[in-house]
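# Working through the structure, step by step
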Amino acid sequence: MRRVVRRIGRIIRHIERITEPPFSPPLPPPPPPPPLPRHPPPSPPPPPPPTPTTTPPPPPPPPPPPPPPPPPPPPPPPPPPPPPPPPPPPPPPFLFPQTRSTVLPDPSTFFSPKLLPSPLPTNSFFQNYVLQNGDTPEYIHPYLIKSSNSSLSLSYPSLNFNSSFITQVFNPDITISSSEKKTIPGSHTKHVISSFSDLSVTLDIPSSNLRFFLVRGSPFVTASVTCPTPLSITTMHAILSLSSNNSLTKHTLHLNNGQTWLMNTSSPISLNHSLSEITSGEFSGIIRIAVLPDSDPKYEVILNRFSSCYPVSGDAAFTKPFCVEYKWEKKGWGELLMLAHPLHLQLLNDTDCGVTVLHDLKYRSIDGELVGVVGDSWLLKTDPVSVTWHSTRASCYFYGKIIARAARLALIAEEVAFLKAMPVIKKFLKESIEPWLDGTFNGNGFLYDGVWGGIVTKQGSKDSGADFGFGVYNDHHYNLGYFLYGIAVLAKIDPAWGRKYKPQAYSLVADFTNLGRRSNSNYTHGRNQESTSEAVNAYYSAALMGLAYGDTQLIATGSTLAALEIHAAQMWWHVGEGHKLYEEDFTKENKVVSVLWANKRDSGLWFAPAQWRECRLGIHVLPLSPITEALFSDVGYAKELVEWTLPNLNRKGVGEGWKGFIYALEGTYDKESALQKVRSLKVFDDGNSMTNLLWWIHSRGDVEEEFGHGKLCWFGHYCH
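Residues numbered from 1 in each chain as written. Predicted model: local features only at pLDDT ≥ 70, side-chain atom pairs only at ≥ 80, totals over all residues. Heavy atoms only, no water.

### Some thoughts on the side chain of Lys 659
Here Lys 659 is to be found in helix H16 (residues 656–666). As a buried residue without a salt bridge, Lys 659 has its nearest oppositely charged side chain in Glu 656, at a separation of 4.7 Å. Here Lys 659 is in contact with Leu 649, Val 654 and Leu 681, once residues within four sequence places are set aside. (Helix = DSSP H or I, 4+ residues; strand = E, 2+ residues; numbered from the N terminus. Buried < 20%, exposed > 50% of the residue type's maximum accessible area, 1.4 Å probe, protein only. Lys, Arg positive; Asp, Glu negative; His and termini not counted. Salt bridge = Lys/Arg side-chain N within 4 Å of Asp/Glu carboxyl O. Contact = heavy atoms within 4.5 Å.)

Now the structure itself:
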């Protein structure tokens, strides 16, 4: 092989010599043309008249000139030009053929009738409230909150952990309901979702006249008692004491588990208590309940100061590329207090949005400490992610070498007639993608579910387990991300095809670009995500599709979502040396979180036990593409991950397809070793290939520089 390489090198040098033009001095520049005259030259003056010989008599005086006629009236101003015609309305969104799923639940059980005509959320943070009986807890920072037919229970959760998992434990610390349950004929006997937004859900319990504004990150749970109603507040613990201020609007509850809870009301309420229940007379108005962290009185002053202003909803908006704005609708008076997790604090731009971070107010959480932030809007700025078709590892020197190498490879390809590769690939992509978009794929295809308002598959609409749960809105971003990648590349190399199938392509994008997470109705820890890399690939592919279609908004949205997904993966899935968010029992055995739930961190995969480390690494790397450079920009962590996994490859039955991803990460810091191992592989993951692995390893930079807290690849330098 080395002889072949040396021979090719000699050929390249020979070609350079014989194709180099001989040196010749530059020719002198031609003289400039004469300048063109700005005006034509004047005509020569006429010759003077001849001189007369005698003097003629003087002429008679001329008659007086007639008076000038009056000036004509000015012409009327021209009429203003007609306004331009309004732009044509955008074409209606493309809908795949409609189907009636036999496996999806009826949303009218829990959603308000006014919400049913519009598409409904299928991967929201409150999804447990609309599945099965609706009584599975959801983690709405900082509380686990469980709803039943007539009450709402709050838990300030404790952690249960070992080397295999970390989870939060639900205990009904506080349960609020009416002490007089009412059933009105024709009314809901269960809770009702009356509205929702990106950061909030409004949950009504008609039988108790209660409306809860459940807003993510609020230290208070806020309830509106819609008409005079006697209240019941129970606890699974014993009540040690209950005290109220003179105005009966602030109440402090001490429990025998060490917790202290604060209750603030918009009007006076008289409370009585027994061993584990608090009751009241009729009350209407606002009641706010918050746990006092560590029962520390210093936090009570802060919470009291912000108890009169409460959020009722919250939205996340993409204001500009790589920025997300959180904005809450608030009521009451004063400033709004919310809580931020570690990734929020990492991205929060407090100078641009005028917020104040209260580092002294801290709540515990499975996601790391939650810190108080004062302000009704936040601006989160992420590091930019460069979305390109090819590897971004290039300087002027290295890029020049790549161009020269490509030129030589082009000549060799021409000699062996390899140029047929592009038409063959284009034909394969067309034949593979078009049947899914046209509805002609035999046995399966995309359909539109008009009940929940989203895309399902033909098989998934009849079998909840088909297509990895696609029919019950599971893993949509994973599956569709691969389709979009193929569509983006095909639209790039064949723009006419791209224009033809643009409506279908955009419908696929719109199905999942809404910050959703994977969902399954059979599980109790909230939404979960296994493969961070496939999630990144989905948003990366959406941005690539924007590049193919020249759609700057889609480029910005896809790039921003990919950047946020990368930040989240590096914060909560990547468990490198010195990771402090999780307990040591877990971090000493795990370099990566296999499946992350809203309320749990797990070491096992859906398809493999925790001991199969090659699968745990590979599922967070595939598919290998230029965006992988950003996801694993910390070469030090990549090396930790490989060294943690390599000994496991001696286990009997390890699939070669998984080995390819381990060797790919090894190539970020040891190219020669990785190349040797890759060349010995005979089997590859069905989304990977020898060509792709060789491209990846050969495109890794030879130079590492220190950026921040670790050694980063050239990608981080390029982006900044």
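### With respect to the sheet that holds strand E18 (residues 323–332)
In space, the three strands of this open sheet follow the order E17-E18-E22, with antiparallel pairing throughout. Two strands close off the open sheet at either side, each with one partner strand: strand E17 (309–320) and strand E22 (377–381). Strand-to-strand, the axes of this sheet are offset by a mean angle of 15 degrees, without reference to chain direction. Direction of pairing for E18 relative to E22: antiparallel, over a ladder of five bridges. Its bridge partner lying in E22, Val 324 is registered against Leu 380. Along the sheet, helix H11 (residues 552–573) makes contact with E17 and E18, crossing E17 at roughly 120 degrees. (Pairing = 2+ DSSP bridges. Axes fitted to C-alpha atoms, helices over the stretch in contact; angles between N-to-C directions.)

### Some points on the confidence of the model for the chain
Interpretation of this model should avoid reading the predicted coordinates in detail wherever pLDDT is low. Predicted confidence across the chain gives a mean pLDDT of 81, with 79% of residues reaching 70 or more. Note on residues 1–55: pLDDT is under 50 here. Beyond four places in sequence and across chains, it has three contacts. (pLDDT = per-residue confidence, 0-100.)

### What to know about unusual backbone geometry
Negative phi values dominate among residues other than glycine, just as trans dominates among peptide bonds. Residue His 141 is joined to Pro 142 through a cis peptide bond whose omega torsion reads 5 degrees. Mapped onto the elements of the fold, Pro 142 is located in the loop between strand E2 (138–140) and strand E3 (143–147). Note the cis peptide between Leu 622 and Pro 623, where omega equals -5 degrees. Take Pro 623: it is sitting in the loop between helix H13 (613–618) and helix H14 (628–631). At Asp 294, a position not held by glycine, the phi torsion is positive, near 55 degrees. Secondary-structure assignment places Asp 294 in the loop between strand E16 (277–291) and helix H2 (297–305). For Asp 467, which is not glycine, the phi torsion reads 50 degrees and is therefore positive. Following the sequence through the fold, Asp 467 ends up in the loop between strand E24 (454–457) and helix H7 (476–493).

### A word on the pattern of salt bridges
Scanning the model with the defined rule gives 13 salt bridges in all. A salt bridge links Asp 367 to Arg 601, with the shortest nitrogen-to-oxygen separation between them at 2.1 Å. Of this pair, Asp 367 sits in the loop between strand E20 (356–363) and strand E21 (370–374) while Arg 601 sits in strand E27 (residues 600–602), and the two are 234 residues apart along the sequence. Using a relative accessible area of 7% as the deciding quantity, one classes Asp 367 as buried. Ionic pairing is found between Arg 651 and Glu 614, a salt bridge with its closest N-O pair at 2.8 Å. One end of the pair, Arg 651, is in the loop between helix H15 (635–645) and H16; the other, Glu 614, is in helix H13, with 37 residues separating them in the sequence. On the basis of relative accessible area, Arg 651 is assigned to the partly exposed category, the value being 25%.

### Some points on helix H18 (residues 690–698)
Listed in full, the buried residues belonging to H18 are Leu 693, Trp 696 and Ile 697. Take H18 and look down its axis: the buried residues cluster within an arc of 90 degrees, on one side only. The N-cap residue of H18 is Ser 689: its side-chain oxygen and the backbone nitrogen of Asn 692 are 3.0 Å apart. (Arc of directions from axis to C-beta. Polar contact = N/O pair within 3.5 Å; in protein donor to acceptor, adjacent residues only side chain to side chain.)

### So, the sheet that holds E20
Taken in spatial order, the three strands of this open sheet run E19-E21-E20, and their pairing is antiparallel. Both edges of this open sheet fall to strand E19 (337–340) and E20, since each of them pairs with a single strand only. The average angle at which neighbouring strand axes cross in this sheet is 35 degrees, direction not considered. Where E19 meets E21, four bridges bridge the pair, whose relative direction is antiparallel. Its bridge partner being in E21, Leu 339 is matched across the sheet by Gly 372. On the sheet, H2 packs against E19 and E20 and is oriented at approximately 130 degrees with respect to E20.

### Things to note about empty space enclosed by the protein
Using the criterion set out here, one finds five cavities of 30 Å³ or more in the structure. Volume-wise, the largest cavity comes out at about 50 Å³. What lines the largest cavity is Ile 140, His 141, Pro 142, Tyr 143, Ile 145, Phe 213, Leu 214, Val 215, Ser 218, Phe 220 and Val 221. Among the elements of the structure, E3 and strand E10 (210–215) are those that each provide at least two residues to the lining of the largest cavity. (1 Å grid on protein atoms, 1.4 Å probe; cavity = no way out; pocket = protein on both sides within 12 Å on 5 of 7 lines; lining within 4 Å. Points joined across faces, edges and corners; volume = space filled by probe spheres on them.)

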